[in-house]
Amino acid sequence: MGDAEIPAYSIEEQLRGLIEQLSAYIETYHGGEVEYIGFDGRVVKVRLGGACLGCPLSPVTLKGWVEGTIKQFFPEVHVEEETAS
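Figured I'd write up the structure that's included with this text. (Residues numbered from 1 in each chain as written. Predicted model: local features only at pLDDT ≥ 70, side-chain atom pairs only at ≥ 80, totals over all residues. Heavy atoms only, no water.)

### As for the side chain of Thr61
Part 1: Position of Thr61 among the secondary structure elements: in helix 2 (residues 58–73).
Part 2: Here Thr61 is in contact with Ile26, Cys52 and Val66, once residues within four sequence places are set aside. (Helix = DSSP H or I, 4+ residues; strand = E, 2+ residues; numbered from the N terminus. Contact = heavy atoms within 4.5 Å.)

What follows is the structure, encoded as structure tokens:
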């Protein structure tokens, strides 16, 4: 142990990792996915996919799981869904 240096990750890198973990859970247990699109310093953009497309509970997934989890760690960050064009 001792003086081992802990790597510093940017907020964007931390958000990307958190969203990847959320997506893995959602994919494993619900067949959906959450894709990280980008972060402008205030708003993180994500896209729902897989079984989330067309699912009537996708707003709950976005607000409850994705935004709720992100806000636990980054209360200043807002979440927006980007829809596929």
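Structure's up, so let's keep going.
### A word on the nonpolar core
Part 1: If you look at the biggest cluster of nonpolar residues, it comprises 17 residues, and the most contacted ones within it are Ile19, Val34, Val44, Val46, Val66, Ile70 and Val79.
Part 2: Residue contributions to this core peak at 5 residues, all from helix 1 (residues 11–30).
Part 3: In this view, Val46 contacts Ile19, Val34, Glu35, Ile37, Leu62, Val66, Val79, Glu80, Glu81 and Glu82; residues no more than four positions away in its chain are not counted. (Core = buried A, V, L, I, M, F, W, Y, C linked by side-chain atoms within 4.5 Å. Buried < 20%, exposed > 50% of the residue type's maximum accessible area, 1.4 Å probe, protein only.)

### Considerations on helix 2
Residues that lie three or four places apart on an α-helix share one face, since the helix turns once every 3.6 residues.
Part 1: If you check helix 2, its first and last C-alpha atoms are 22 Å apart, about what 16 residues at 1.5 Å a residue would give, namely 22 Å.
Part 2: The largest bend along helix 2 reaches roughly 35° and is located at Glu67.
Part 3: If you check which residues of helix 2 are buried, you get Ser58, Thr61, Leu62, Val66, Glu67, Thr69 and Ile70.
Part 4: Those residues of helix 2 that are buried lie in contact with helix 1, strand 1 (32–39), strand 2 (43–50) and strand 3 (78–81). (Expected span 1.5 Å × (residues − 1). Bend = angle between axes of the 7 residues up to and from the residue.)

### A word on helix 1
Part 1: Between the first and last C-alpha of helix 1 there are 27 Å, a value that for 20 residues agrees with the 28 Å anticipated at 1.5 Å per step.
Part 2: Every buried residue belonging to helix 1 is among Leu15, Leu18, Ile19, Leu22, Ser23 and Ile26, and all of these are buried. Relative to the axis of helix 1, the buried residues are bounded by an arc of 140° and lie together on one face. What points out from helix 1, more than 90 degrees from its buried face, is the exposed set Glu20, Gln21 and Thr28.
Part 3: Those residues of helix 1 that are buried lie in contact with strand 1, strand 2 and helix 2. (Arc of directions from axis to C-beta.)

### What to know about the packing of aromatic side chains
Part 1: Considering all chains together, one arrives at 2 aromatic pairs under this definition.
Part 2: An angle of 40° between the planes, with centres 4.7 Å apart, marks the rings of Tyr25 and Tyr29 as tilted. You can see Tyr25 and its partner Tyr29 sitting in helix 1, 4 residues apart, about one turn around the helix.
Part 3: Under the relative-accessibility criterion, Tyr25 is labelled partly exposed at 42%.
Part 4: Here Tyr29 falls in the exposed class, since its relative accessible area comes to 56%. (Phe/Tyr/Trp six-rings, centres within 6.5 Å; stacked < 30°, edge-to-face > 60°.)

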